[in-house]
Amino acid sequence: MIEVKNLVKTYGKNTVVDHLDFHIKKGQVCGFLGPNGAGKSTTMNMITGYIAMTEGEVRINGYDIFEDPEQAKKSIGYLPEIPPVYMDLTPYEYLLFAAELKGIERVKRKAMVQDVMEMTKITHMKDRLIKNLSKGYRQRVGLAQALIGYPEVLILDEPTVGLDPKQIIEMRQLIRELGTNHTIILSSHILSEISEVCDHVLIITNGKLVADDSMASLQKRCEGSNLLLLTVKGDEHIIGNILRSTKGIKNFKMIESQYDKGALDLTLELEEGADVREHLFTSCAREHCTILMMKNDKLTLEQIFLELTKTEELVYEAEEEEKGQPAGKEKEE
């Protein structure tokens, strides 16, 4: 349905989108995740043909977005982060205008507009000026515009940004309903939103694709994780040596505690079935390192996201003992 190959966008010496490759199948609701400035909106603008790419290829239903734009764009409905609505028109007038712009036959326009208004639940607002509508209803009007022409692909860029909690819930429910008949790309940096409405996830950071997986697979990864969180007061090198010599620890991270002066916050990833709590307690006590907090935890989607999109962090690998670095320190770029 959507094929992206070697997609690149540069502005001068800055590479905003860096050789993206992915494929979205028909009927998928795909979450497009990344921190602010990761290149999400730029990628979506290139997929829709709104801006030119520096390199690469985008195909919608087999049609190249730039070599055969008319056929490709007939399959796309696009809702940008700021809906392109005319404030001095009513939703009904605006949608009729959008239908005309999209080349819908005159005899079909009114029925189609009525249908998409019912789909997006704005029929009772059709005669109010758009400038007098709440932001939530303006988003719905923008979504109705994207649905004109019944495109097979919907591309939604931050559809819930700026909405209140009630409006967010309503918009998510609407997207879930639309997902039964459309292939959807949903851009967001809100993990809870993606987990609720999407069945596939793409994650980019610094313009590069760092994850392309199903939501079920990511959730299984969370369920199967075995983490131990500690706050320990003591010498960093001594604590690192204790952790590296403890069997059952796959890897660990160590940062200065924000809440306990002179202490370190540790995140330990353990092997399946491993329980190292008693050993750590006695080892730390022997070395006069005080454990201020210790608890079991599970990996969350937020932690996976942060792990995949991190730019700078101290990482300690348990197997790096032979490298001769204090506590196996490795600074990632």
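Above this note sits the structure.
For clarity, every value in this text was computed on a predicted model and none was experimentally measured. Numbers given to residues run from 1 along each chain, matching the order in which its sequence is written. Selection of residues for local features in this predicted model requires a pLDDT of at least 70, selection of side-chain atom pairs for listing and counting requires 80 or more, and totals for whole chains, interfaces and linings are taken over all residues. Side-chain metrics in this entry use all non-hydrogen atoms of the structure; hydrogen atoms and water are not considered.

Visitor: Outline the packing of helix H5 (residues 135-147) against helix H6 (residues 165-178), listing residues and values.
Guide: When two helices pack together, their arrangement is given by the angle between the helix axes and the distance between those axes. Taken N-terminus to C-terminus, the directions of H5 and H6 make an angle of 15 degrees; their axes are 10 Å apart at the nearest point. Our classification of the angle between H5 and H6 gives roughly parallel. Where H5 crosses over H6, the two elements pack in a sense that is right-handed. Within the contact between the two elements, H5 uses Gly136, Gln139, Arg140, Leu143 and Leu147 and H6 uses Gln167, Glu170, Met171, Leu174 and Leu178. To obtain an axis, a line is fitted to C-alpha atoms, over the contacting stretch when the element is a helix, and the angle between two such axes runs from 0 to 180 degrees between their N-to-C directions. Put simply, DSSP marks the helices as runs of H or I at least four residues long and the strands as runs of E at least two long, and each gets a number from the N terminus on. Any angle from 65 to 115 degrees is called roughly perpendicular, while one under 35 is roughly parallel, one over 145 is roughly antiparallel, and all others are oblique. Crossings are sorted by hand: turned counterclockwise from the far helix by less than a right angle, the near helix makes the crossing left-handed, and turned clockwise it makes it right-handed. Should any heavy atoms of two residues lie within 4.5 Å, those residues are considered in contact.

Visitor: Break down the nonpolar core for me, with residues and values.
Guide: Within the largest apolar cluster, 44 residues are counted, with the highest numbers of intra-cluster contacts made by Leu95, Leu143, Ile148, Leu156, Ile184 and Leu186. Apart from the residues lying within four places of it in its own chain, the contact partners of Leu156 are Met44, Leu79, Leu143, Ile175, Ile184, Ile185, Leu186 and Ser187. For the purposes of this section, nonpolar cores are sets of buried Ala, Val, Leu, Ile, Met, Phe, Trp, Tyr and Cys residues that join through side-chain atoms within 4.5 Å. Classification of residues uses two cut-offs on accessible area relative to the type maximum, computed with a 1.4 Å probe and protein chains only: under 20% is buried, over 50% is exposed, and between them is partly exposed.

Visitor: How would you explain unusual backbone geometry if you had to name every residue and give the values?
Guide: Backbone geometry at His19 places phi at a positive 55 degrees, although glycine is not the residue there. By the secondary structure assignment, His19 is in strand S2 (residues 14-24).

Visitor: Give me the lowdown on the pairing of strand S11 (residues 227-233), citing residues and values where you can.
Guide: Here S11 lies mainly inside the structure; six of its seven residues are buried. For S11 and strand S13 (residues 263-270), the ladder comprises seven bridges, and the chain directions are antiparallel. Each residue of the ladder has a partner; that of Val232, found in S13, is Leu264. Note on pairing: two strands pair once DSSP finds at least 2 bridges between them. Sheet topology places S11 next to strand S14 (residues 290-297); seven bridges connect them, and they run antiparallel. Paired with Leu228 across the bridge in S14 is Asn296.

Visitor: Talk me through the packing of helix H3 (residues 91-101) against H5; I want residue IDs and the actual numbers.
Guide: Following both chains from N to C, one finds H3 and H5 inclined at 25 degrees, their axes separated by 9 Å at the closest point. For the element pair H3 / H5, the angle class is roughly parallel. As H3 runs across H5, the sense of the crossing is right-handed. Across from Pro91, Tyr94, Leu95 and Ala98 in H3, the residues of H5 making contact are Val141, Ala144 and Gln145. Lys, Arg, Asp and Glu make up the charged group, whereas Ala, Val, Leu, Ile, Met, Phe, Trp, Tyr, Cys and Pro make up the nonpolar group; the residues left over, Gly among them, are polar. Residue classes in the contact of H3 with H5 are distributed as six nonpolar, one polar and no charged.

Visitor: So, the pattern of salt bridges: which residues are in play, and what are the values?
Guide: One side chain can pair with another of opposite charge once the charged atoms of both are near each other. Here a salt bridge means any side-chain nitrogen of Lys or Arg lying within 4 Å of a carboxyl oxygen belonging to Asp or Glu. As enumerated under the stated definition, the model contains 12 salt bridges in all. Residues Glu177 and Lys121 are paired through a salt bridge, measuring 3.4 Å at the closest nitrogen-oxygen approach. Taken together, the residues span a long stretch of sequence, with Glu177 in helix H6 and Lys121 in the loop between helix H4 (106-119) and H5 at a distance of 56 residues. Judged by its relative accessible area of 42%, Lys121 falls in the partly exposed class. In this structure, Asp275 and Arg277 form a salt bridge, with 2.9 Å as the shortest nitrogen-oxygen distance. It is possible to trace a salt-bridge network through shared partners that takes in Arg172, Arg176, Glu193 and Glu196.

Visitor: Break down the layout of surface pockets for me, with residues and values.
Guide: Whether a set of points on the 1 Å grid over the protein atoms alone is a cavity depends on a 1.4 Å probe fitting there but being unable to get out, while an open set qualifies as a pocket with protein on both sides within 12 Å along at least five of seven lines; lining residues are those with an atom within 4 Å of a point. Grid points are joined across faces, edges and corners, and a volume is the space filled by probe spheres set on the points. Each pocket or cavity is described by its volume, and for the second largest pocket that value is around 740 Å³. Lining the second largest pocket are 23 residues, with Lys73, Ile76, Leu101, Lys102 and Gln145 sitting closest to its centre. Of all elements in the fold, only helix H2 (69-73), strand S6 (76-79) and H3 reach the threshold of two or more residues within the lining of the second largest pocket. Top contributing element to the lining of the second largest pocket by residue count: H3, with four residues. In terms of residue class, the lining of the second largest pocket is made up of 14 nonpolar, five polar and four charged.

Visitor: Please provide a residue-by-residue account of a nonpolar patch on the surface, values included.
Guide: Within this analysis, patches are made of residues with over 30% relative accessible area and no salt bridge. Like charges are joined at 9 Å or less; nonpolar side chains (Val, Leu, Ile, Met, Phe, Trp, Tyr) at 5 Å or less. For every accessible area listed, the method is Shrake-Rupley and the probe measures 1.4 Å; residues are considered covered only by the protein chains on display. Taken together, the side chains of Tyr86, Phe97 and Leu101 present a nonpolar region at the surface, about 320 Å² in accessible area. For Tyr86, the position within the fold is in the loop between S6 and H3.

Visitor: I'd love a proper account of H3, names of residues and values included.
Guide: Buried residues of H3: Pro91, Tyr94, Leu95, Ala98 and Ala99, and no others. Along H3, the residues classed as buried sweep out an arc of 140 degrees about the axis, all on the same side. Taken together, the buried residues of H3 touch H4 and H5. Within two residues after H3, Gly103 carries a phi angle of roughly 80 degrees, on the positive side. Directions from the helix axis toward the C-beta atoms define the arc.

Visitor: A description of the sheet that holds strand S9 (residues 200-205) should follow, citing residues and the corresponding values.
Guide: With mixed pairing, six strands are arranged side by side in an open sheet as S6-S7-S8-S3-S9-S10. Strands at the two margins of the open sheet, each flanked by one partner only, are S6 and strand S10 (208-214). Across the sheet, the mean angle from the axis of one strand to that of its neighbour is 15 degrees, orientation sign disregarded. As judged from the six bridges shared by S9 and S10, these two strands associate in the antiparallel manner. Note on S10: the bridge partner recorded for Ile203 is Ala211.

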